[in-house]
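Results of the structural survey
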2 protein chains.
Amino acid sequence: MNRSVIAIDAMGGDFGPSVVVPGALQAARECGAKVLLVGVESAVRDALAALPATERDEELFEIVPASQVVEMREKPSEILRTKKDSSIQVACRLVKQGKADAIVSAGHSGAAVACGMFILGRIPGVERPALATILPTEKKPVLLLDVGANVECRPHHIFQFALMGATFAQDILGYENPRVGILSIGEEEGKGNSLVKSSYELLKLTQDINFLGNVEGRDLFTGNVDVVVCDGFVGNVALKLSEGLGSSLTHVLKRELLNSGLLPKIGTFLAKKAFKRFAKVVDYAEYGGAPLLGLQGVAIVCHGASNVKALTSATAMAHAYVTKGTHERLVKAISANEELTRYARSV
Amino acid sequence: MNRSVIAIDAMGGDFGPSVVVPGALQAARECGAKVLLVGVESAVRDALAALPATERDEELFEIVPASQVVEMREKPSEILRTKKDSSIQVACRLVKQGKADAIVSAGHSGAAVACGMFILGRIPGVERPALATILPTEKKPVLLLDVGANVECRPHHIFQFALMGATFAQDILGYENPRVGILSIGEEEGKGNSLVKSSYELLKLTQDINFLGNVEGRDLFTGNVDVVVCDGFVGNVALKLSEGLGSSLTHVLKRELLNSGLLPKIGTFLAKKAFKRFAKVVDYAEYGGAPLLGLQGVAIVCHGASNVKALTSATAMAHAYVTKGTHERLVKAISANEELTRYARSV
């Protein structure tokens, strides 16, 4: 296995370097990657100094200074124009220049998408990169895309999301011949809005996808589908709804178990035991990051509220993406379906 | 309080009269409504005969025969054309003819929407009736609409959904000045797809709605919004996703608590106690039915898998809708915003 080099947006996330740096280093130790910690040098050094010496082996990392910090309220277009020395822009340029293989950012996700698009550029033939998220379920996780990079989509975008999602699921989630569905409001062909109906037609035509047809909201959690495609508006609503309902139910359960009255100590103990396994089903840190598929390079975007575990997972995902050659297979899947995409774009 | 007359589609639902009849009669007893049990006479009589004598007081009901039965696989247009003596069509005509005040159906929901539209007709000025569902949350329930009657919407449809939803939430859920939000992918104005952005503009203009702005998927469960509007595609995905995730998490929790190993009996007991309160948060039977808003009459549509409790709640909702004069207030809310709707339709 090659040693991958991952550019880390060390200033990203609600907690900045104090969470990003230990997460990245843990992944570097575990999977043999080298991490480039991109950010304000003093802040990165402070985060390193806070770690035990055994956790900051100098072999694992390099600091790449970036003087500007992106604020969450800034518009992506402004960040692109005025923050050329921000950690996200510097990290993207490292990949562009071949000095790193991948980017991991828990910062402003709009900025990550914009910098990815404009600094790295798209895979030839890809019109819209898609943000994909891995949803935990009772059985195997499901890849859902797009979850917010493209608010309005056309059928050939959805078609390419399916091609890219299936490739990612095969390589990174290890699914053989992943089953792909379109998120709709009825399983039968012909159910859904016009975008769904036209996308369905296209997905039926390609040889390269194990196409199940339409799936419904409830199928996201049954484990009967591996990759689910939709436009970024619907996907983002679905993702935030799942997070919200998951955390709301977790909260209710915690309260009910703690208030259960009977034998409080045993109750609490049981609660902890069962609770941990239950919470794992709604734990988005398990998979850490959302790959941004379709760029000329590997980019993993993390939730702003990511913890160390999420950053570690995201960095490990970037490493796997690079060392398994997933990007190259993704390029191939897109070009093998170039004619069909061109046809779809024209209708 | 007037005595309302509710036409019940007795043949609807996965379990037909055996569930619908006891549910309707229980509501009739509890809230003083009279129910017209519409369906195949022998089947309705069998369901009645199965009940204890005290639960089938003849004052409570009347049987209205309808010879045809709708199959779940039939298309709404076919049902309209070929099943003129089906329970749903007969029930709708009872309302049209003034012999009943409301319809409750757990049958084919597409057929209920189509028969409602074409037999009852729409409130003058309403272009698209909307199906609204009541989502349980940690705090107060939230009204979400449209959840499937309109797959493609325009801004003035969303605007009318908001007017109708707010009226319903005020009268039936008892919310004073209900807070209305548009389901989107960011709270700031300007976030969302073009439908959301244009609907936002309209909702800002009316005086009649306590408009919060955009809300996200996670806000559906926090109790910080009372009415959430969206197109029927997004709403249906959101509804089915909530049901799916709720039941998946309930299932995981049940398994974890039962398998918890330690002191199995106490564990099971605790599990039951806490479990029931937990499950209530994802129990859609609590509210029973989804009102179809915007018709010239009151129609409550229930889930096919509805149990007796859900049918009772739905019938009670229909009774409240009638006796509180909600329909009349809904008509008023629509006509008070006629100019704004006309303007929106033209742009």
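About the thresholds
- Residues numbered from 1 in each chain as written.
- Chains lettered and ligands numbered in written order.
- Predicted model: local features only at pLDDT ≥ 70, side-chain atom pairs only at ≥ 80, totals over all residues.
- Heavy atoms only, no water.
- Helix = DSSP H or I, 4+ residues; strand = E, 2+ residues; numbered from the N terminus.
- Rg over C-alpha atoms; globule rule 2.2 N^0.38 Å.
- Buried < 20%, exposed > 50% of the residue type's maximum accessible area, 1.4 Å probe, protein only.
- Contact = heavy atoms within 4.5 Å.
- Areas by Shrake-Rupley, 256 points an atom, 1.4 Å probe, with all protein chains shown as cover.
- Lys, Arg positive; Asp, Glu negative; His and termini not counted.
- Charge placed at Lys NZ, Arg CZ, Asp CG, Glu CD.
- Axes fitted to C-alpha atoms, helices over the stretch in contact; angles between N-to-C directions.
- Left-handed = near helix turned anticlockwise from the far one by under 90°.
- Nonpolar A, V, L, I, M, F, W, Y, C, P; charged D, E, K, R; others polar.
- Salt bridge = Lys/Arg side-chain N within 4 Å of Asp/Glu carboxyl O.
- Pairing = 2+ DSSP bridges.
- Expected span 1.5 Å × (residues − 1).
- Phe/Tyr/Trp six-rings, centres within 6.5 Å; stacked < 30°, edge-to-face > 60°.
- Lys NZ or Arg CZ within 6 Å of the ring centre and 35° of its normal.

Below, the discussion takes up the overall build of chain A. When its secondary structure is counted, chain A shows twelve helices and eleven strands. In terms of overall size, chain A behaves like a compact globule, its C-alpha atoms giving a radius of gyration of 21 Å where 347 residues would be expected to give roughly 20 Å. Taking the principal axes of the C-alpha coordinates as reference, chain A spans close to 65 × 60 × 40 Å. Taking all 347 residues of chain A together, 60% fall into the buried category. Residue pairs at least 24 apart in sequence account for 75% of intrachain contacts in chain A once pairs closer than 6 positions are excluded. Entry remark: accessible area of chain A is about 13900 Å², with carbon and sulfur atoms responsible for 51%. Charge centroids of chain A, computed over 38 positive and 37 negative side chains, lie 3 Å from each other.

Residue and element names in this part refer to chain A. Where helix α1 (residues 17-31) meets helix α2 (residues 41-49), the closest approach of the two axes is 9 Å, and the angle between their N-to-C directions is 60°. In this structure, the crossing between α1 and α2 has a hand that is right-handed. In this structure, α1 contributes Pro 17, Ser 18, Val 21 and Leu 25 to the contact, and α2 contributes Ala 43, Val 44, Ala 47 and Leu 48. Its residues placed into classes, the contact of α1 with α2 shows seven nonpolar, one polar and no charged.

For Ser 86 of chain A, the location among the structural elements is in the loop between α3 (76-82) and α4 (87-96). Classification of Ser 86 of chain A as buried rests on a relative accessible area of 0%.

Here we come to the pattern of salt bridges. Going through the model one piece at a time under the given rule, you end up with 28 salt bridges over all chains. For the salt bridge of Lys 140 of chain A with Asp 226 of chain A, the shortest nitrogen-to-oxygen distance reads 3.7 Å. Of this pair, Lys 140 of chain A sits in the loop between β5 (130-135) and β6 (142-145) while Asp 226 of chain A is found in the loop between β8 (210-215) and β9 (227-229), placing the two residues 86 residues apart along the sequence. Overall, Asp 226 of chain A belongs to the buried group, its relative accessible area being 3%. A salt bridge links Arg 218 of chain A to Glu 216 of chain A, with the nearest nitrogen and oxygen atoms 3.1 Å apart. Overall, Glu 216 of chain A belongs to the buried group, its relative accessible area being 9%. Here the salt bridges do not stand alone but share partners, grouping Glu 216 and Arg 218 of chain A together with Lys 240 and Glu 243 of chain B into one network.

All names here are of chain A. Where burial is concerned, most of strand β10 (residues 289-293) is hidden: five out of the five residues are buried. Going residue by residue along β10, you find Gly 289, Pro 291 and Leu 293 tucked away on one face and Ala 290 and Leu 292 tucked away on the opposite face as well. As defined by bridge partners, β5 adjoins β10 across two bridges and the pair is classed as antiparallel. When the bridges of β10 are listed, Ala 130 appears paired with Leu 293. Summarising the sheet, β10 and strand β11 (residues 298-302) pair through three bridges and their orientation is antiparallel. Of the residues in β11, the one forming a bridge with Gly 289 is Cys 302. Counting the residues that bridge the hairpin from β10 to β11 gives four residues, and of these Gly 294 lies at a positive phi of roughly 115°.

A few words on the sheet that holds strand β9 (residues 227-229) of chain B. Residues and elements named next belong to chain B. In space, the eleven strands of this open sheet follow the order β3-β2-β1-β4-β11-β10-β5-β6-β9-β7-β8, with mixed pairing throughout. For this open sheet the edge positions go to β3 (61-65) and β8 (210-215), each flanked by a neighbour on one side alone. Averaged over all adjacent pairs, the angle separating strand axes in this sheet is 25°, with direction ignored. Here three bridges tie strand β7 (residues 179-183) to β9, and the two strands are oriented parallel to one another. Bridging across to β9, Gly 181 finds its partner in Val 228. Contacts between helix α7 (residues 194-205) and the sheet are confined to β7, β8 and β9, with β8 contributing the most and set at about 165° to the helix.

Another aspect to go through is unusual backbone geometry. Put simply, Leu 145 of chain A and Asp 146 of chain A share a cis peptide bond, and its omega is -5°. Its location among the elements puts Asp 146 of chain A in the loop between β6 and α6 (155-171). Positioned with a positive phi, Asn 177 of chain B is a non-glycine residue whose angle comes to about 50°. Relative to the assigned elements, Asn 177 of chain B resides in the loop between α6 (155-171) and β7.

As a further point, take helix α7 (residues 194-205) of chain A. For α7 of chain A, which comprises twelve residues, the first-to-last C-alpha distance of 17 Å matches the rise-based estimate of 16 Å (1.5 Å per residue) to within 8%. Taken residue by residue, α7 of chain A has Leu 195, Val 196, Ser 199, Tyr 200, Leu 202 and Leu 203 of chain A as its buried positions.

All names here are of chain A. Within the open sheet, the eleven strands sit side by side as β3-β2-β1-β4-β11-β10-β5-β6-β9-β7-β8. Their pairing is mixed. For this open sheet the edge positions go to β3 (61-65) and β8, each flanked by a neighbour on one side alone. Across this sheet, the average inter-strand angle for adjacent strands is 25°, counted without regard to direction. Against the sheet, α2 makes contact with β2 (34-39) and β3, and its axis sits at roughly 155° relative to β3, the strand it touches most. Where helix α10 (residues 308-323) meets the sheet, its contacts fall on β1 (5-9), β2, β4 (102-105), β5, β10 and β11, and the angle it forms with β11 comes to roughly 165°.

Once that is clear, we can look at the pairing of strand β6 (residues 142-145) of chain B. Residue and element names in this part refer to chain B. Here β6 shows a buried face lined by Val 142 and Leu 144 and a second buried face lined by Leu 143 and Leu 145. Note that strand β5 (residues 130-135) and β6 share four bridges and pair antiparallel. Each residue of the ladder has a partner; that of Thr 133, found in β6, is Leu 144. Taken together, β5 and the strand that follows it, β6, pair antiparallel across an intervening segment of six residues.

With that out of the way, let us pick up the packing of aromatic side chains. A complete count under the given rule lists four aromatic pairs over all chains for this structure. In this structure, Lys 140 of chain A packs its charged tip against the face of Tyr 175 of chain A, placed 4.1 Å from the ring centre.

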